[in-house]
Amino acid sequence: MKLAFLTALCLSISLADALDSCVGRCGYGTNPSHPCQCNTACERFGDCCSDYWSTCAAASQDSCHGRCGESYNSLNRCHCNTKCGQYSNCCKDYSSLCGGSSSGGASISDLELQSLSERLLSLDVNKARPGDLTLNPQSLIPDSETAIPQDRAPEPLYSFVNEGVLFSKPTFSSFLKLLDNYSRFTGSTESFSSEQQGEQDSFLRAAVMGTALGKELYNFLFTKGYYSSEVEFIQDLKMMWFGLYSRGKGQLDSSGFEHVFLGEIKNSKVSGFHNWIQFYRLEKQGQLNYYSHSFDGPWTSYPDVLGLQFNWDGYYKQVGSAFIGSSPEFDLAVYSLCFIARPGKVCQLRLGGKPIAIQTYTWTNSFYGNGKKFIASAYPISP
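In this description, an aromatic ring pair is defined by two values, namely the gap between the centres and the angle between the planes. Overall, the coordinates contain 32 aromatic pairs when judged by the stated rule. When the ring of Tyr218 is compared with that of Phe222, the centres are 5.8 Å apart and the planes differ by 40°; the resulting orientation is tilted. With a gap of 4 residues between them, Tyr218 and Phe222 both fall in helix α9 (residues 212-223), about one helical turn apart. Relative to Phe279, the ring of Phe273 has its centre 6.4 Å away and its plane inclined at 85°; by these criteria the two rings are edge-to-face. In this structure, Phe273 and Phe279 share a single accessibility class: buried.

Right under this line is the structure:
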């Protein structure tokens, strides 16, 4: 009994010490159950852990902390941009912090991206089959008319979705649990309970470790030297997608996942929102009214790509492009690949023998993990 008590006491002290430190916590959202915090908001509210500055915020002349992608400056002792490999003057942590190759600039070619995207498509065994989805696209409008919020579709976009088959799959079911964890309005502070953080972990494990598609992406990035273990890869995905930052009023009110997969309301307009499952869910609940589409990709099977116009409970989206019928792990993999390989740029892929371009944007106003950038947005370009 005494030994058990001492063991429990030691574990309790160890946990308390961990919560008092920023080791492994840099960039996470505010958690009121922790005695101190490890994100940029703590600087404003004065509740940073004692090692916040040395662990999360310190930047030295010999490090790429907070400097990834910066312009060349001859006064710097080392550099953190895509050309530093060419001139052999990268900082020693360029590869680990900025996701680039210090031995020769961009480490992933367009041909490699296109080949990998085709492999990811072939491995998407959880995507919708022809009998699982019935679409009713109705009105196709020119780009010149997308700014006009006019309902040209009297019926819903989704006539049928085989929920019993699709939504019972582990990646779908774990993805659906994430959709009620957010407030859609920017300026409204987001925070995650331990249960909600567990849901994030469950989804990422299911998407990466639980699918051949996720393992293929990890193995590719592993061979390129971006990650040394699945644990490291999943942790980085969690930060780049679920790490919180501020889109308005200085509040930690947004993340890449919320923006891309759920959508947000900013300045009385729909911002982001590039996921077919969220679209179908809200349309079924009567919260979303499909208006028209301005682009329909050339694919005859899933995933397809549509550029959509719609009204989300009083707020209009001019063009919300999205993969249709894809699995959550496919969207996560394709967007993550492009963000890692071509951050903030157009990423040229191929799906089913046809070209598709993905646009990603980086969030540059705050960072995580010694200077890495959060995802601001990612979506298929609909010409």
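Having seen the structure, we can now continue with the description.
For the rest of this paragraph, the subject is the state of the cysteines. Joining two cysteines, a disulfide is a covalent bond between their sulfur atoms. Inspection of the entire model under this criterion finds 4 disulfides. Put simply, Cys36 and Cys49 are joined by a disulfide, and their sulfur atoms are 1.9 Å apart. Between Cys36 and Cys49 the sulfur-sulfur dihedral comes to about 85°; the bridge is accordingly right-handed. Highlighted residues: Cys36 in the loop between α1 (2-19) and α2 (41-45) and Cys49 in the loop between α2 and α3 (52-57), separated in sequence by 13 residues. Residue Cys36 is classed as buried on the basis of its relative accessible area of 8%. Cys49 gets classed as buried once you look at its relative accessible area, which sits at 2%. Shown here is the disulfide that connects Cys78 with Cys91, its sulfur atoms set 1.9 Å apart.

What counts, and at which threshold
- Residues numbered from 1 in each chain as written.
- Predicted model: local features only at pLDDT ≥ 70, side-chain atom pairs only at ≥ 80, totals over all residues.
- Heavy atoms only, no water.
- Phe/Tyr/Trp six-rings, centres within 6.5 Å; stacked < 30°, edge-to-face > 60°.
- Helix = DSSP H or I, 4+ residues; strand = E, 2+ residues; numbered from the N terminus.
- Buried < 20%, exposed > 50% of the residue type's maximum accessible area, 1.4 Å probe, protein only.
- Disulfide = S-S within 2.5 Å.

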